[in-house]
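Here's the letter readout for the chains.
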Amino acid sequence: MTLTKSTAELYTNYKSRLQKIADVKYSAAVLQWDQETYLPPKGAGFRGQQLATLSEIAHEWFIDPSLGQLLEELQSRGDLADDERRNVELSLEDYNKQKKFTPAFIRKLSEATSRSFHTWIQARNANSFDVFRNDLEQLVQLKKEEAAIAGYEHHPYNALLDQYEKGSTVALLDRVFSEIRNPLRELLQKIGARPQIDDHFLHSHFPQQQQWDFGMRLIKQLGFDFEAGRQDLSEHPFTTNFSSQDVRITTRVDENDFNHMTWSCIHETGHALYEQGLPAEEYGLPLGEYASLSIHESQSRLWENNVGRSLSWWTSVYPSLQQTFPQQLKDASAEQFYKAINKVQPSLIRTEADEVSYHFHVMIRYELEKNLINGTISVADIPAWWNESYNTWLGVKVPDDKRGCLQDVHWSHGSFGYFPTYSLGSFYAAQMFSAAENQIPTLRQSIGSGDTSTLLAWLREKVHRHGRRYISEELCQQATGKTLDIQYFLSYLLDKYRNIYNF
Ligand code: CO
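How each quantity is defined
- Residues numbered from 1 in each chain as written.
- Predicted model: local features only at pLDDT ≥ 70, side-chain atom pairs only at ≥ 80, totals over all residues.
- Heavy atoms only, no water.
- Buried < 20%, exposed > 50% of the residue type's maximum accessible area, 1.4 Å probe, protein only.
- Helix = DSSP H or I, 4+ residues; strand = E, 2+ residues; numbered from the N terminus.
- Pairing = 2+ DSSP bridges.
- 1 Å grid on protein atoms, 1.4 Å probe; cavity = no way out; pocket = protein on both sides within 12 Å on 5 of 7 lines; lining within 4 Å.
- Points joined across faces, edges and corners; volume = space filled by probe spheres on them.
- Nonpolar A, V, L, I, M, F, W, Y, C, P; charged D, E, K, R; others polar.
- Domains from an automatic or database assignment.
- Contact = heavy atoms within 4.5 Å.
- Buried area = accessible area lost by both parts, 1.4 Å probe.
- Salt bridge = Lys/Arg side-chain N within 4 Å of Asp/Glu carboxyl O.
- Donors = N, O, S within 2.8 Å, 3.2 Å for Na, K, Ca; no water.
- Axes fitted to C-alpha atoms, helices over the stretch in contact; angles between N-to-C directions.
- Parallel < 35°, antiparallel > 145°, perpendicular 65-115°, else oblique.
- Left-handed = near helix turned anticlockwise from the far one by under 90°.

Q: Explain the pairing of strand β3 (residues 246–251) to me, please; I cannot follow it from the model alone.
A: Burial within β3 is extensive, with five of its six residues counted as buried. Bridge analysis of strand β1 (residues 229–233) against β3 gives five bridges, and the strand direction is parallel. Residue pairing across strands places Gln-231 opposite Ile-249, the latter belonging to β3. Hairpin connection, strand β2 (residues 239–243) to β3: the antiparallel pair is bridged by two residues.

Given below as C-alpha cells:
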C-alpha cells in the first residue's frame with residue numbers, strides 16, 4: 001500500500017472488493033434458495049459441493065491479509081465521510097473476527113454440520129435422540145473450540161451469542177428471562193383458569209389455491225414490492241435476499257389449518273420489508289446489511305403479531321377473507337376470528353406456540369445451550385433435561401424425542417446462540433410498536449382502515465435505512481427513547497389477553 005493513493009481511490013478499491021465477496025455470497029444464497037424450493041432430489045449431492053466451494057471462496061477472499069492492510073490504511077485516514085468511516089470500522093471488526101478462523105477449521109465445521117444435518121433427519125425418522133447423540137457431541141465440542149478461538153469475557157457462550165447479536169451476553173439474557181418468566185407464568189395461569197377459546201373454524205378445509213391467492217393479496221397490501229422480490233412454497237417458510245432489490249420469501253399451506261399460511265406470510269413479509277428497505281447504494285457493505293438477528297426478528301414479529309394478530313387490522317381485512325371462504329367462516333364474526341387466532345395453549349412445538357408460551361420454549365433452549373457450552377450439562381443429559389423443563393415451565397409431558405429435543409433444525413446447522421434472538425425480537429417489536437403508536441397519533445386509525453403505509457414509513461426511517469450502523473440496543477434507544485424494557489411486551493400481552501379471556 002503506498003501512501004500516495006488518495007483516500008477516494010482506496011475506498012473505491014475497498015468497496016469493489018467487498019462487493020465481489022458479496023457477489024459470491026449472494027450467488028450461494030440463490031443456490032440455497034433453489035435448494036429449498038425447486039431443486040430436484042438428484043441435484044442435492046453436487047449442490048452441497050457447489051455451496052461449500054462458494055463459501056470457501058468468500059471466506060478466503062475476506063481473510064486475505066491484503067484486505068486487512070487496506071482496511072487498516074483506510075481507518076488511519078482522516079478524510080473519510082461518516083458513512084464511509086462506519087463501513088470501514090465494521091469491516092475491520094469483521095475481518096479481525098474472521099481471520100482467527102483458519103480455512104481448515106471452517107471446513108471442519110462445515111463438514112460436521114453437513115453430517116449432523118443428515119443424522120438429525122435420520123434421528124427424527126427413527127424418533128431417537130441416540131441416533132443424533134454422537135454427531136451432536138462433536139458439534140458441541142467444535143462450538144466450544146470456536147468460542148475459545150473467537151475469545152470472550154465471562155462466559156464461553158457469549159462468543160457464540162455475539163455472532164448473531166453483537167453486544168448480547170449471558171448477563172443480559174439472564175436478566176431478561178428472569179424478569180419475564182414469572183409474569184408470563186402468572187399470565188398463563190390466569191388464562192388457563194378461563195374457558196378456552198373456540199377456534200374450530202380455523203381447522204375447516206381451506207383449499208390450497210385460495211389460501212395462496214389470499215396470502216399474495218395480504219403481502220401486497222402490507223407493502224411487499226413484487227418488482228423486488230417474489231414468494232414461493234417451501235417445507236419451512238424463510239426469507240432470503242440477493243440484494244435489497246431481490247428479496248425472496250416462502251410460505252407453506254396446510255389445507256386443514258388456516259394459521260400456517262397466513263402468519264408465515266405476514267412474518268416473512270416483515271423480514272422482507274426490512275431487507276427491501278436497506279439502502280441499495282450500500283450493496284455488499286456493512287451499512288447495506290441488517291443490524292442483528294433480533295432486530296430482523298423484531299420486524300417479522302411486529303408485522304406478524306402487533307399488526308397481524310390485532311383486532312383493528314382484521315376489522316378491515318376480515319370481510320375480504322370471509323368473501324374468499326364464505327362456507328368455512330360463515331358463523332365466525334371478526335371478533336370471534338380475532339380471539340381464535342390468539343388462542344393460548346401451552347404445547348410441545350415451538351413453531352406452533354402462541355405469543356405467551358412461546359418464550360418458555362426459547363428460555364429452555366437458551367438455558368440448555370448455555371450449560372452445554374460451559375460443560376454443566378452433557379449432550380447425553382439433553383432429553384431428560386428437556387423433558388423435565390417442559391414439564392416444569394409449560395406443564396406438558398414430552399411423549400418422544402421428535403416432539404421434544406429433536407424438533408428444531410438449529411443445532412444440526414451448528415447454530416448455538418441463535419434461539420434467544422427470537423425472544424428478543426418479540427420484546428423489541430412490542431417496544432417499537434408502542435413508540436410508533438405514541439409518535440404517530442393516527443396510527444391506530446390507519447391500521448384499522450387496512451392502511452399500514454405510515455407504520456412502514458416509520459420503520460424505514462427508524463430502523464431499515466440504518467443498516468448495520470447501530471447495534472440492537474442503540475437502534476432501540478433511538479427509535480423508542482430507551483434501551484430494551486420488557487415492560488412494553490408484558491403490558492401488550494396483558495392488555496390483549498385480559499380482553500380476549502375476560503379476566
Ligand atoms: Co423470523
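Q: I'm lost on the layout of surface pockets in this one. Help?
A: Summary: where empty space remains is shown by rolling a probe the size of a single water molecule over the atoms. Here the second largest pocket is characterised by a volume of approximately 530 Å³. Along the wall of the second largest pocket there are 20 residues; nearest its centre are Phe-433, Glu-437, Arg-444, Tyr-492 and Asp-495. Secondary-structure elements contributing two or more residues to the lining of the second largest pocket are α11 (293–307), α12 (311–324), α16 (420–439), α17 (443–448) and α20 (487–501). For the lining of the second largest pocket, the element with the highest residue contribution is α20, accounting for six residues. In the lining of the second largest pocket, the residues fall into eight nonpolar, seven polar and five charged.

Q: I tried to follow the domain arrangement of the protein on my own but got confused; where do I start?
A: For an interface, size is often stated in terms of accessible area lost upon the parts coming together. As far as domains go, the protein holds domain 1 (7–128) and domain 2 (170–501). Centre-to-centre, using C-alpha coordinates, domain 1 lies 28 Å away from domain 2. Residue-level contacts link 28 residues of domain 1 with 30 residues of domain 2. Taking both partners together, domain 1 and domain 2 bury about 2700 Å²; carbon and sulfur atoms supply 56% of that area. Sorting the residues of domain 1 by area buried against domain 2 places Tyr-26, Trp-33 and Arg-124 first, and these three jointly supply 24% of that buried surface. Our count for the contact surface shared by domain 1 and domain 2 stands at two salt bridges.

Q: Can you help me understand the coordination of the cobalt ion in this one?
A: Angles between donor atoms at a metal ideally measure 109.5 degrees for a four-coordinate tetrahedral arrangement and either 90 or 180 degrees for a six-coordinate octahedral one. In this structure, His-267 (NE2), His-271 (NE2) and Glu-297 (OE) serve as the protein donors to the cobalt ion, at separations of 2.2 to 2.3 Å. For the cobalt ion, all donor residues lie on one chain, and their spacing in sequence is H-x3-H-x25-E. Taken together, the residues span about one helical turn, with His-267 and His-271 both in helix α10 (residues 258–276) at a distance of four residues. When sorted by exposure, His-267 lands in the same class as His-271, which is buried.

Q: I would appreciate a short explanation of the packing of α16 against helix α19 (residues 472–480) in the present structure.
A: Packed helix pairs are specified by the crossing angle of their axes together with the interaxial distance, meaning the distance between the axes. At their nearest, the axes of α16 and α19 sit 9 Å apart, and the two run at 20° to each other. As judged from the angle between their axes, α16 and α19 are roughly parallel. Both α16 and α19 take part in a crossing whose hand is left-handed. Of α19, the residues touching α16 (which contributes Tyr-428, Gln-431, Met-432, Ala-435 and Gln-439) are Ser-472, Glu-473, Cys-476, Ala-479 and Thr-480. Looking at the contact of α16 with α19 residue by residue, the class counts come to five nonpolar, four polar and one charged.

Q: Explain the pattern of salt bridges here, please?
A: Once their charged atoms are close, side chains differing in charge can pair, the charge on each being opposite to the other. If you walk through the whole model with that rule in mind, you get 29 salt bridges. A salt bridge links Lys-370 to Asp-174; the shortest N-O distance between them is 2.8 Å. You can see Lys-370 sitting in helix α14 (residues 358–373) and its partner Asp-174 sitting in helix α8 (residues 170–192), a full 196 residues away along the chain. On the accessibility criterion, Lys-370 (10% relative accessible area) is buried. A single network of salt bridges, built from pairs that share partners, joins Asp-94, Glu-289 and Arg-468.

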